[in-house]
Protein chains: 2
Amino acid sequence: MHEITFAVLGTGGIGRRALEVSQHKAALTPVAACDRHGVALDADGLAVEELLAATEGNIDSGLDDVATDGGDTATSGGSGVKQHGTQRGVVASEQAVATDEPIQAIIDAGAEIDAVLLALPNYEHDFIPRTADRFIEAGYSGVLIDVLKRSRVIGMLEDRRDALEDAGITFICGAGATPGFLTGAAALAAHSFVEVESVDIWWGVGLKSGYEDNRGTVREDIAHLPGYDIETARDLADADIEAIIDDHDGVLEFEDMEHADDVLLERAGICDAADVTVGGILDVRSDEKPTTTTVSVTGRTFDGERATNTFELGDETSMEANVNGPALGYLKAGVRRNRNGEYGVFGPAELLPRF
Amino acid sequence: MHEITFAVLGTGGIGRRALEVSQHKAALTPVAACDRHGVALDADGLAVEELLAATEGNIDSGLDDVATDGGDTATSGGSGVKQHGTQRGVVASEQAVATDEPIQAIIDAGAEIDAVLLALPNYEHDFIPRTADRFIEAGYSGVLIDVLKRSRVIGMLEDRRDALEDAGITFICGAGATPGFLTGAAALAAHSFVEVESVDIWWGVGLKSGYEDNRGTVREDIAHLPGYDIETARDLADADIEAIIDDHDGVLEFEDMEHADDVLLERAGICDAADVTVGGILDVRSDEKPTTTTVSVTGRTFDGERATNTFELGDETSMEANVNGPALGYLKAGVRRNRNGEYGVFGPAELLPRF
């Protein structure tokens, strides 16, 4: 497979880690990175170390990065944005230039970009779909890949299938850890069975040292807590989030989360969405995982047995490692599909062999 | 994806189970089955129940099924072949006709066959490659997929890459349980790591009720025991095999087996072949697995941690379930590649997303 060039949309925690992780794979060359303040472009490959160093501590959230034109940065962690005089976010890098149209800048260089990673937490249900619209309208042809979490977003992307196919875009959705890595693990584990009865995904994340870089993710997780939703979580001030964390002594437990693993596994024909459950424990005051991330797939074999196959992640693997490796792996698989003329919307499980 | 038609070459344990398992998936239609005695063909789909019932107890080994023209059946379990007067093997089915050229019969119907599963244990190193040659020479264009085990065979297939590409054949090799299912699990588990240090595959098989149907597989496993090799195992009479089993009280333990998981993972860029170890325990006197089948992938994350991800198969899943589900899943993935014009040789890990 030829070398792959890619861009990251958003230079918060996920975007910066994707750039860093890609440095370990020769076949992956990051050629662009942007946030709402500007864009860094280099067809020969970005100098990732400089960009990461210059934007270190940049916790300008995914939302403000690109989703809204302007908007109150303070409402989503923007107060921590790296400032160099008037320079904010990616513009702090000497490779970047300021622009009000970062996405357009990426699209203008689209011929040299095989894939664009939408490294943005998404609070608004239709944020990722609207971002897809902007790429469609601007004439981008290639791979778009996101790490979205919410089940309801998949249907919004499905509504755009024809437009994506006409544009020659292969959209890979939900390609992070969960959904993503663990969705794929469930699809693979299902091969023992002629009927999958249940898929249980249980994750553990210790985020002490990564908390500053992942406030957007924590905010999005809080939206899964009883009494909160995407809108209310989005409007929380940092102080509110700190208060919620204090109330839980730093350990947030989630049950029956709305994670797209369910609809993505159903799309792939693995099982019914109703048979998939996702939950987990987030500890923002320790790097130790509060529980072992496990995928359990229970099914019936052709010869009448009932069994459970399990996939466990080592407790020493960080959330960042389990999001970015899979995201880049799915990105590469998406580029293969795109180069073969397979356009439209695909979930992680659809990129795996399936029985 | 459109419906897929496939043929099975060999109606021993693996071939018959593949036909049975495929009945659980609407997208898979078996249209042909053959052994060295004859062939059953029906473009609308074989009546699998009749064929299985008619050939029940057929333990004519994979080798004698097709590999050799004639040959002494008694040397590889042929003594148990179903006999209907002069009818042997698949010809016992009312859907089958006797022929001396079963492979040619399959190839003549090749336009209606998307994939051919080579459901044959392979004792001779070059048996699968030679079978590939026969399909190439006869002008077949489609997917060939095998469940071979030996590392050395992969190189022989790689030597035929150009011929396979010219013929329009997508050859999927080592697509059973191990290599196959567990190779894919290792490739997926590797996504957490920027460097994989080791892959340890450990399998457990309880084969009491499946022993008669899987003598070919047992014979091939014996070739992995100290003091035996492919040639000596192939020449063992059934009585010799029984004696070996008795000597081990029915429980055979294997270490450092020559399983192609190693070269298949290296081909896919997951790790070096030398970092892969395969072993396991076979109990032919109990259906209970003597040990839990586990894949352990140890590596280093981008952020400097060292960890082990693990994939475990439920003890209640049979060898047949873990061979045939994955084989048919990889078959479907191979057909997708073939329809996209991707020809040549692919291992299981190459059909998965890879970071």
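The rules behind these values
Residues numbered from 1 in each chain as written. Chains lettered and ligands numbered in written order. Predicted model: local features only at pLDDT ≥ 70, side-chain atom pairs only at ≥ 80, totals over all residues. Heavy atoms only, no water. Helix = DSSP H or I, 4+ residues; strand = E, 2+ residues; numbered from the N terminus. Buried < 20%, exposed > 50% of the residue type's maximum accessible area, 1.4 Å probe, protein only. Least-squares fit on C-alpha atoms with pLDDT ≥ 70 in both. Contact = heavy atoms within 4.5 Å. Phe/Tyr/Trp six-rings, centres within 6.5 Å; stacked < 30°, edge-to-face > 60°. Lys NZ or Arg CZ within 6 Å of the ring centre and 35° of its normal. 1 Å grid on protein atoms, 1.4 Å probe; cavity = no way out; pocket = protein on both sides within 12 Å on 5 of 7 lines; lining within 4 Å. Points joined across faces, edges and corners; volume = space filled by probe spheres on them. Nonpolar A, V, L, I, M, F, W, Y, C, P; charged D, E, K, R; others polar. UniProt positions renumbered as here; feature names shortened; annotations may be inferred. Polar contact = N/O pair within 3.5 Å; in protein donor to acceptor, adjacent residues only side chain to side chain. Domains from an automatic or database assignment. Buried area = accessible area lost by both parts, 1.4 Å probe. Salt bridge = Lys/Arg side-chain N within 4 Å of Asp/Glu carboxyl O. Arc of directions from axis to C-beta. Pairing = 2+ DSSP bridges. Axes fitted to C-alpha atoms, helices over the stretch in contact; angles between N-to-C directions.

**Brief notes about unusual backbone geometry**
Only a minority of non-glycine residues have a phi that is not negative, and only a minority of peptide bonds are not trans.
Residue and element names in this part refer to chain A.
Now for step 1: With an omega of 0°, the peptide bond between T178 and P179 qualifies as cis.
Now for step 2: Position of P179 among the secondary structure elements: in the loop between β9 (170–172) and α8 (181–189).
Now for step 3: The backbone of D249 sits at a positive phi, close to 50°, despite the residue not being glycine.
Now for step 4: Residue placement: D249 occurs in the loop between α11 (238–247) and β11 (251–254).
Now for step 5: Looking at D249, the relative accessible area reads 59%, which means it is exposed.
Now for step 6: Residues other than glycine seldom take positive phi values, yet D256 does so here, at roughly 45°.
Now for step 7: Here D256 shows up in the loop between β11 and α12 (261–267).
Now for step 8: Using a relative accessible area of 64% as the deciding quantity, one classes D256 as exposed.

**Some points on the relation of the copies chain A and chain B**
Now for step 1: Relative to chain B, chain A is turned by 180° and slid 0.0 Å along the rotation axis, the superposed coordinates differing by an RMSD of 0.0 Å. Seen this way, the second copy is the image of the first under a two-fold rotation axis. By C-alpha distance to the rotation axis, the residue of chain A lying nearest is F311 of chain A, at 2.2 Å.
Now for step 2: In this assembly, 100% of the residues forming the interface of chain A have copies in chain B that are likewise at the interface, indicating an isologous arrangement.

**Some words on the packing of aromatic side chains**
Now for step 1: Under the counting rule described, the total for this entry stands at 6 aromatic pairs over all chains.
Now for step 2: Taking NZ or CZ as reference, K25 of chain A lies 4.5 Å from the ring centre of F355 of chain B, over its face.

**Quick word on helix α1 (residues 13–22) of chain B**
Now for step 1: Of all 10 residues in α1 of chain B, 9 are buried; the element is thus mostly enclosed.
Now for step 2: Regarding α1 of chain B, the residues found buried are G13, I14, G15, R16, R17, A18, L19, V21 and S22 of chain B.

**Let's talk about the layout of surface pockets**
All names here are of chain B.
Now for step 1: Its boundaries defined by the atoms lining it, the second largest pocket holds a volume of some 750 Å³.
Now for step 2: Those elements that provide at least two residues to the lining of the second largest pocket are α1, β10 (195–206), α9 (215–222) and α13 (319–339).
Now for step 3: Here the residues of the lining of the second largest pocket are counted per class, giving 14 nonpolar, 14 polar and 13 charged.

**Brief notes about the UniProt feature "active site" (unreviewed entry) in chain A**
Residue and element names in this part refer to chain A.
Now for step 1: Mapped onto the present numbering, the UniProt feature "active site" (unreviewed entry) falls on K149, E220 and H224. A compact arrangement is adopted by the annotated residues: their sequence extent is 76 residues, whereas the largest C-alpha distance between any two is 10.7 Å. The subset of these annotated residues that lines the largest cavity comprises K149 and E220.
Now for step 2: Residue position: K149 is located in the loop between β8 (143–146) and α6 (151–158).
Now for step 3: For K149, the side chain forms a polar contact with the side chain of D221, separated by 3.2 Å.
Now for step 4: Here H224 shows up in the loop between α9 (215–222) and α10 (230–234).

**With respect to the domain arrangement of chain A**
All names here are of chain A.
Now for step 1: In terms of domain boundaries, chain A breaks down into domain 1 (4–178 + 321–351) and domain 2 (181–316).
Now for step 2: Between domain 1 and domain 2, the residue contacts involve 39 residues of the former and 36 residues of the latter.
Now for step 3: Carbon and sulfur atoms make up 51% of the surface buried where domain 1 meets domain 2, a total of about 3,100 Å² over both sides.
Now for step 4: Between domain 1 and domain 2 we count 5 salt bridges in total.
Now for step 5: As a salt-bridge pair, D221 and K149 come within 3.2 Å of each other at their nearest N and O atoms.
Now for step 6: One can count 15 residue pairs in polar contact (both at pLDDT 80 or more) joining domain 1 with domain 2.
Now for step 7: When its residues are assigned to classes, the side of domain 1 that touches domain 2 shows 15 nonpolar, 14 polar and 10 charged.

**Looking at the pattern of salt bridges**
Note on pairing: side chains with opposite charge can pair once their charged atoms come close.
Residues and elements named next belong to chain B.
Now for step 1: Following the criterion strictly, the structure yields 38 salt bridges over all chains and no others.
Now for step 2: Notably, a salt bridge pairs D114 with R339, separated by 3.3 Å at the nearest N-O pair. One end of the pair, D114, is in the loop between α4 (102–108) and β7 (115–118); the other, R339, is in helix α13, with 225 residues separating them in the sequence.
Now for step 3: For D114, a relative accessible area of 22% gives the class partly exposed.
Now for step 4: Given a relative accessible area of 38%, R339 falls into the partly exposed group.
Now for step 5: A salt bridge links R219 to D238; the shortest N-O distance between them is 3.2 Å. With a gap of 19 residues between them, R219 in helix α9 and D238 in helix α11 (residues 238–247) connect regions that are remote in the sequence. Here R219 and D238 have matching classes, each one buried.

**What to know about helix α2 (residues 48–55) of chain A**
Now for step 1: Inspection of α2 of chain A places V48, L51, L52, A54 and T55 of chain A among the buried residues, and these make up the whole buried set. Here the buried residues of α2 of chain A occupy an arc of 165° about the axis, which is enough to place them on one side.

**With respect to the sheet that holds strand β15 (residues 344–346) of chain A**
Residues and elements named next belong to chain A.
Now for step 1: One open sheet accounts for 8 strands, arranged β6-β3-β2-β1-β7-β8-β9-β15; its pairing is mixed. Every interior strand has two partners, whereas the edge strands, β6 (96–98) and β15, have only one. Direction aside, the axes of adjacent strands within the sheet are offset by 20° on average.

**What to know about the UniProt feature "binding site: NAD(+)" (unreviewed entry) in chain A**
Residue and element names in this part refer to chain A.
Now for step 1: Taken from the UniProt record, the annotation "binding site: NAD(+)" (unreviewed entry) applies to G10, T11, G12, G13, I14, G216 and T217. Across 208 residues of sequence, these annotated residues stay compact in space, with a maximum C-alpha separation of 13.3 Å. Residues from the annotated list that form part of the lining of the largest cavity: G13, I14 and T217.
Now for step 2: Tracing the chain through its elements places T11 in the loop between β1 (4–9) and α1 (13–22).
Now for step 3: As for its placement among the helices and strands, G216 is situated in helix α9.
Now for step 4: What makes G216 buried here is its relative accessible area of 13%.

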